[in-house]
Amino acid sequence: MGNDKEKTGIRAVAKLSGVSTATVSRALNNPHSVSEELRARIQTIIDQTGYVPHGMARALSSNRTRTIGAIIPTIDNAMFARGISSLQNFLSSQGYMLILSTNGYDIDVELEQARNLISRGVDGLILRGDCHHQMLRDLLVSRDIPFINVGIYNPNQPHPSIGVDNEAAAHRAMMHLIEIGHRRIGVVSALQRNNDRASARLRGFRRALAENGMDLPPQWHVEVRYTLDDAREAARQIFSVEDVPTAIACGNDVLAYGVMLEAERRGLHVPSDLSVVGFDDLEWSRHLRPALTTLHVPTDLTWKGAGEYILARLEGHKVPNHYEVDYSLVIRESTAPR
C-alpha cells in the first residue's frame, strides 16, 4: 500500500511539474543532474503537495540511502559539537542526512554502533581517531563502505585520515613555553585509553622537553577526563607538591580552563605566577581574562573535509587517503616569560 502511495505521489509531482516521473526521481536522487531552475520548480511542487519520497524505495532504486553515519566518543565536548554541526551542514547541502552515534571511548561499543548503522544502510562512516576494533575495519572493507578517521593525520597507516599532526602541534605548544624561558613545566593531559589524539599530544609535549634537556616529573603530570572538575582536581594535585611548576601545558582548552580557575582560587596569578597553554582554540578561549594562549585547530574545515572525502569516494573519484590540516599557535595573555 505504501508503495502505491509512493507511485501516486511521484506521478502527481511529475504531472504538476510538466516532466516525467524519471526526471523527478533524478532531481531527488541526483540533484546536480538537472538544471537549477527545474530542481527549484520540482521542489516547489513537492512543498505544495506535501510529497515525501519513501527512503527505502529510493535506496532500492539507487542502491544508496543518502545517509552517512558518524561515531564520536561523546557530545559533551565543544569541539565535537562544532565539528558535527559543520559536517551536517555540508552533507545537508549535498542532499545527504547524518546519523550520529556516541561510544564513550569504548571500541566494543563503537563496533556495535557501527554494525547498527551499517544494518540501517549508511553509505559511508566517519570515525574519530584510529583506535578501532580490527573487526570494524574488516567489516567496512568487506562491505566496501568508505570511511575516514577524523582528528588525526596518519599517513603511515592504510586507513584514510584527516586532521592535524597532534604530536607536532603539541610539540609547538610546549616549545612556546620553553622559548619564553620556562624550565619547570607540568602537563595536564586527557586519559589515553582508546584516545590516540591524547597519546600523540603527550608524546609531543615530552619530546619538546627531552630535546631541551628537561624531564616531566611524575608529580607534575596528571591524566584526566575532559571536564572542568577533573582539570581543577589535576591542578590541585600539581599545586600541592612543594616545588610547583611555573607553567602547565594542557591537552585541550577545557583542561586549561580548569587549571586557570584552580590557580586563581589558590591566589596564583596567570601569567605572572603561572603560564598556561591550551590546545584546540575553543570560542571561549579568546574571551577569557586572561585570554588563553592555545593551538588553533580548524575544526569546521576538518569535519567538512571528512564529509567531502566520503562523498568523493561514493562518486567514484580517486582521492588521496590522507589530508593534513594546518594548526597555528595563537599567543594571547595566559603565557609570559618566567
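Quick note: structure is the one above.
Procedures and definitions
Residue numbers run consecutively from 1 along every chain, following the written order of its sequence. For a predicted model such as this one, the threshold for reporting local features is a pLDDT of at least 70, and the threshold for listing and counting side-chain atom pairs is 80 or more; totals across whole chains, interfaces and linings nevertheless cover every residue. Side-chain measures here rest on the full set of heavy atoms in the structure, leaving out hydrogens and waters. In plain words, nonpolar cores are sets of buried Ala, Val, Leu, Ile, Met, Phe, Trp, Tyr and Cys residues tied together by side-chain atoms within 4.5 Å. The buried label goes to any residue with under 20% of its type's maximum accessible area, the exposed label to any with over 50%, and the partly exposed label to all in between, with areas taken from a 1.4 Å probe on protein chains only. Where each domain begins and ends is defined by an automated method or by a domain database. By the convention used here, residues are in contact when the closest approach between their heavy atoms is within 4.5 Å. Here, strands pair whenever DSSP counts at least two bridges between them. To qualify as a helix, a DSSP run of H or I must reach at least 4 residues; to qualify as a strand, a run of E must reach at least 2; elements of each kind are numbered from the N terminus. Interaxial angles span 0 to 180 degrees and are taken between N-to-C directions of axes, which are lines fitted to C-alpha atoms, for helices over the stretch in contact.

Engineer: In this structure, what is going on with the nonpolar core? I would like to understand it.
Structural biologist: Note that soluble globular proteins tend to have their nonpolar side chains buried in a common cluster. By size, the foremost hydrophobic cluster in this structure holds 72 residues, and its most contacted members are I126, M174, V188 and V276. Two domains each donate at least three residues to this core, and these are domain 2 (65–164 + 299–326) and domain 3 (166–297). Beyond its immediate sequence surroundings of up to four residues, I126 is in contact with I68, G69, A70, I71, L87, I148, V150, W303, A306, G307 and I310.

Engineer: What is the right way to read the sheet that holds strand β7 (residues 221–224) from this model?
Structural biologist: Pairing between sheet strands relies on hydrogen bonds along the backbone, with the strands arranged either parallel or antiparallel. If you walk across this open sheet you meet the 4 strands as β7-β6-β8-β9, and the pairing is parallel. Looking along the sheet, the strands with just one partner apiece sit at the ends: β7 and β9 (275–277). Adjacent strand axes in the sheet meet at a mean angle of 15°, parallel and antiparallel pairs treated alike. Bridge count for strand β8 (residues 247–250) against β9 is 3 bridges, and the pairing is parallel. Each residue of the ladder has a partner; that of A247, found in β9, is S275. Each of β6 (185–190), β7 and β8 touches helix α10 (residues 228–239); the most contacted strand, β7, lies at about 165° to it.

Engineer: Help me out: how do you make sense of the environment of L311 in this one?
Structural biologist: Examined against the element boundaries, L311 turns out to sit in helix α12 (residues 299–314). According to the relative accessible area criterion, L311 is buried, its value standing at 5%. For the pair L311 and E333, spaced 22 residues apart in the sequence, the C-alpha separation amounts to 41 Å. Discounting residues that sit within four places of it in the chain, L311 has contacts with I68, F90, L91, Q94 and Y96.

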